[in-house]
Amino acid sequence: MTTIRAALPAHSPIRHVVVENARVQAFVAPIVQHPVGYRGGPILTDPTLQVFRHHRGGAIVDNFAPDAPPGRFLPGDLIYAGALYDHFGHFMAEMIHRILPARALGLGHRFLFVGARGHEPHASFDRLPRHLRDILSFLGLGPDDVVIALDDVVVERLHLVPQASQHHGDPADWYLDLLSAHSGPALDAAFEGVPRPQRLYVSRTRQALEGGLLGEAYLERWLEGAGFQPFYPEEHGFAEQMDHYRKAECVVFTQGSACHGTELLGREAMARVVLIPKSIKAGFFERVLAPRARRFAQAGSPDQVGTMYYDAATRFQHIHLGVSLVDLAAVSRCLDGMGISCPPFRPWAYRRAAARDLRRYMAGARAARGPDRPQALRLIASFMRRMLGDGLRPQPRA
């Protein structure tokens, strides 16, 4: 029989329970899948335990099979950490935010990460991708601190704390303070005295176009004219990325996974931050960046041209694999408001760069999925409507 013991006074901001003989199910791959959610994790059917389930934007998104047979027995105490998933953005946004709260409570037990059933590349800490090991190491975890389950298990005593931050949600105020107390000293110890560029543009120009900005190479060169150094996060270690962001006087991000590289920074750890939006999901990234910046601005509204990728059965459009345009005038206004002058931009030069990228994007989709003339025509029509509009005209300075 499963029993539950409260482990903290009611006034504590961090809730904590211990579930004895807790059943935990391995996740069904793919772990992150719209719209079915997370299929696995601790089986928590008790109404008092719902706060400890996996949440996004305040809503429970995990599910499990309560009637499945129990798995192998794991003796002793473990702290549930969350799902184990390769994607940098998802791992940072929703799978690491129980670790520091548990340690803040004085819990010194090992952490239980649950992976996709039978996914052997995640069988041990040393076999995890480098970026996952770097993230866990920054949080003070090594091979002796982590237990990975790729099958169903029963944990003798499973410690549970809620996520202190959720994907599509806001970090708790006390959690931002906890992050400041951990990450500031950790980065100082590693990089104190190491100079960094004062202005950074976090660029995707060395990545695939799927989910990117059309004409980004032009944007990058234009921002260089305002003193911004292109920064390619995939070429730097995890902690080094954070150290760059916190030491810069201004960082320009484009909406995407790189923004999640700030998730372990505390309140107002960055100075000035500008977000270039790409889709209707830009607000989710504002929730990540704004609390960690002393000044934050979004450069206009998203201008997504469309996507070549969709579900053939449902016609559901995969906008995260689509392409968008940049409102250069809005970027210029944002930076001007922060005391940074940008050089004039040439709308037709940007249009030509965007058109070249659109052709490259469509060629890549054709190679990956085969010809799709109707979707291609829709994408071209959307692009041309925007090219004939006023959105790319330079704005006069006040």
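Just so you know, these numbers come straight off a predicted model, no measurement behind them. (Residues numbered from 1 in each chain as written. Predicted model: local features only at pLDDT ≥ 70, side-chain atom pairs only at ≥ 80, totals over all residues. Heavy atoms only, no water.)

Q: Quick rundown of a nonpolar patch on the surface? Include the residues and the values.
A: Judged by side-chain polarity, Leu-377, Ile-380 and Met-384 come together as a nonpolar surface patch covering roughly 250 Å² of accessible area. Relative to the helices and strands, Met-384 resides in helix H10 (residues 373-387). According to the relative accessible area criterion, Met-384 is partly exposed, its value standing at 41%. (Patch = residues over 30% accessible without salt bridge, like charges linked within 9 Å, V, L, I, M, F, W, Y side chains within 5 Å. Areas by Shrake-Rupley, 256 points an atom, 1.4 Å probe, with all protein chains shown as cover. Salt bridge = Lys/Arg side-chain N within 4 Å of Asp/Glu carboxyl O. Helix = DSSP H or I, 4+ residues; strand = E, 2+ residues; numbered from the N terminus. Buried < 20%, exposed > 50% of the residue type's maximum accessible area, 1.4 Å probe, protein only.)

Q: Can you lay out empty space enclosed by the protein for me, pointing to particular residues and giving the numbers?
A: Applying the stated criterion across every chain yields a total of two cavities of 30 Å³ or more. By volume, the largest cavity amounts to about 60 Å³. As for the largest cavity, its lining consists of 13 residues, of which Gln-166, His-168, Gly-169, Glu-263 and Val-288 are closest to the centre. Taken together, the residues that form the lining of the largest cavity break down as four nonpolar, six polar and three charged. Counted as a void, the second largest cavity has a volume near 40 Å³. Surrounding the second largest cavity, Phe-27, Gly-40, Gly-41, Pro-42, Leu-44, Phe-52, Arg-53, His-54, Asp-62, Tyr-80 and Arg-98 form its lining. Considered class by class, the residues forming the lining of the second largest cavity number five nonpolar, three polar and three charged. (1 Å grid on protein atoms, 1.4 Å probe; cavity = no way out; pocket = protein on both sides within 12 Å on 5 of 7 lines; lining within 4 Å. Points joined across faces, edges and corners; volume = space filled by probe spheres on them. Nonpolar A, V, L, I, M, F, W, Y, C, P; charged D, E, K, R; others polar.)

Q: I'd like to hear about helix H9 (residues 347-369), residue by residue, with values.
A: Under the 1.5 Å per step criterion, the end-to-end length of H9 is 32 Å for 23 residues, consistent within 8% with the ideal 33 Å. Taken together, the buried positions of H9 are Pro-347, Ala-349, Tyr-350, Arg-351, Ala-353, Ala-354, Asp-357, Leu-358, Tyr-361, Met-362 and Ala-365. Summarising the contacts, the buried residues of H9 are in contact with helix H5 (216-224), strand E17 (304-306), strand E18 (323-324), helix H8 (328-337) and H10. Gly-370 sits one or two positions beyond H9 and adopts a positive phi of about 95°. (Expected span 1.5 Å × (residues − 1). Contact = heavy atoms within 4.5 Å.)

Q: Before we move on, could you go through the sheet that holds strand E16 (residues 293-298) and cite the residues and values that matter?
A: The strand order across the open sheet built from five strands is E13-E12-E14-E15-E16, with neighbouring strands paired in parallel fashion. With partners counted over all chains shown, the strands left at the sheet margins are strand E13 (229-231) and E16, one partner each. With direction set aside, neighbouring strand axes in the sheet form an average angle of 25°. Across three bridges, strand E12 (residues 199-202) lies against E13 in parallel orientation. Residue pairing for E13: Tyr-201 is matched across the bridge by Pro-230. Packing against the sheet, H5 makes contact with E12, E13, strand E14 (250-254) and strand E15 (270-276), and its axis sits at approximately 180° to E12. (Pairing = 2+ DSSP bridges. Axes fitted to C-alpha atoms, helices over the stretch in contact; angles between N-to-C directions.)

Q: Describe the packing of H9 against H10, listing the residues and the values that go with them.
A: The interhelical angle for the contact between H9 and H10, taken along N-to-C directions, is 170°, at an axis separation of 12 Å. By the angle class used here, H9 and H10 are roughly antiparallel. For the pair formed by H9 and H10, the contact residues are Arg-351, Ala-354, Ala-355, Leu-358, Tyr-361 and Met-362 on the first element and Ala-376, Leu-379, Ile-380, Phe-383 and Met-387 on the second. The residue makeup of the contact of H9 with H10, split by class, is ten nonpolar, no polar and one charged. (Parallel < 35°, antiparallel > 145°, perpendicular 65-115°, else oblique.)

Q: Report on helix H7 (residues 282-289), specifying residues and quantitative values.
A: Of all the positions in H7, only Ala-282, Phe-285, Val-288 and Leu-289 are classed as buried. Buried residues of H7, viewed axially, fall in a sector of 110°; they line one side. Elements that come into contact with the buried residues of H7 comprise E14, E15 and E16. (Arc of directions from axis to C-beta.)

Q: Which residues make up the pattern of salt bridges, and what are the values?
A: What the rule picks out here adds up to 20 salt bridges. Across the salt bridge formed by Arg-287 and Asp-170, the nearest N and O atoms sit 3.3 Å from each other. Separated by 117 residues along the polypeptide, Arg-287 in helix H7 and Asp-170 in the loop between strand E11 (153-160) and helix H4 (173-191) bring together distant segments of the chain. A salt bridge links Asp-303 to Arg-386; its shortest N-O distance comes to 2.5 Å. Linking Asp-303 in the loop between E16 and E17 with Arg-386 in helix H10, this pair joins segments that are 83 residues apart in sequence. The class of Asp-303 is partly exposed, set by a relative accessible area of 26%. Connected via shared salt-bridge partners are Asp-188, Arg-196, Glu-240, Asp-243, Arg-246 and Lys-247.

Q: Account for the nonpolar core, with residues named and values stated.
A: Grouped together as the largest cluster of nonpolar side chains are 75 residues, with contacts concentrated most on Phe-91, Leu-112, Phe-113, Leu-158, Tyr-245, Phe-253 and Leu-264. At six residues, strand E8 (residues 72-83) tops the list of elements feeding residues into this core. Ignoring any residue separated from it by four or fewer positions in sequence, one finds Leu-158 in contact with Val-17, Val-18, Val-19, Ala-22, Val-24, Pro-42, Leu-78, Ile-79, Tyr-80 and Leu-112. Ala-226, Cys-250, Val-274 and Cys-342 belong to the second-largest nonpolar core, a separate cluster that totals 44 residues. (Core = buried A, V, L, I, M, F, W, Y, C linked by side-chain atoms within 4.5 Å.)

Coordinates in, geometry out; function isn't part of it.
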